[in-house]
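In case you want the letters, here they are:
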Amino acid sequence: MTIELSKEDRSQAIASIERYFRENMEEKIGNIAAGALLGFFVDEIGPVIYNMAVAEVQERIQSRVME
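Residues numbered from 1 in each chain as written. Predicted model: local features only at pLDDT ≥ 70, side-chain atom pairs only at ≥ 80, totals over all residues. Heavy atoms only, no water.

**Remarks on the overall build of the chain**
Then, in step 1: Each helix and strand counted, the chain has three helices and zero strands in total.
Then, in step 2: The C-alpha atoms of the chain give a radius of gyration of 16 Å, which is well past the 11 Å a tight globule of 67 residues would have.
Then, in step 3: Its C-alpha atoms give the chain principal-axis dimensions of roughly 55 × 25 × 20 Å.
Then, in step 4: The 67 residues of the chain split such that 18% are buried.
Then, in step 5: When the accessible surface of the chain is totalled, it reaches about 5800 Å², and 54% of it is carbon and sulfur.
Then, in step 6: Distance from the positive charge centre (7 side chains) to the negative charge centre (12 side chains) of the chain: 6 Å. (Helix = DSSP H or I, 4+ residues; strand = E, 2+ residues; numbered from the N terminus. Rg over C-alpha atoms; globule rule 2.2 N^0.38 Å. Buried < 20%, exposed > 50% of the residue type's maximum accessible area, 1.4 Å probe, protein only. Areas by Shrake-Rupley, 256 points an atom, 1.4 Å probe, with all protein chains shown as cover. Lys, Arg positive; Asp, Glu negative; His and termini not counted. Charge placed at Lys NZ, Arg CZ, Asp CG, Glu CD.)

And the structure:
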């Protein structure tokens, strides 16, 4: 499964990663490295989070249907 981010969402996420590194790490991260890290998270972790969210929504819908 491929998760696509809009340009705006991608830019905001990269800025968030850069801010996180500035505030919490001893070294800075550049724009390109932050983009690569974001790509890794989206490709590797995104589908897991997406599937968890879908499962939760299915449970909620199922419980409402049962009511």
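**Digging into the pattern of salt bridges**
Then, in step 1: Counting across every chain of the model gives one salt bridge.
Then, in step 2: Across the pair R60 and E56 runs a salt bridge whose closest N-O atoms are separated by 3.0 Å. Residue R60 and its partner E56 are both found in helix α3 (residues 46-66); the two are separated by four residues, about one turn of the helix.
Then, in step 3: According to the relative accessible area criterion, E56 is partly exposed, its value standing at 43%. (Salt bridge = Lys/Arg side-chain N within 4 Å of Asp/Glu carboxyl O.)

**Describing helix α1 (residues 7-24)**
Then, in step 1: The terminal C-alpha atoms of α1, which comprises 18 residues, lie 25 Å apart, in line with the 26 Å expected from a rise of 1.5 Å per residue.
Then, in step 2: Restricting attention to buried positions, one finds in α1 the residues I14, I17, E18 and F21. Along the long axis of α1, the arc covered by the buried residues comes to 95°, so they all point the same way. Turned more than 90 degrees away from the buried face of α1, the exposed residues are E8 and E23.
Then, in step 3: Those residues of α1 that are buried lie in contact with α2 (31-44). (Expected span 1.5 Å × (residues − 1). Arc of directions from axis to C-beta. Contact = heavy atoms within 4.5 Å.)

These figures capture arrangement, not role.
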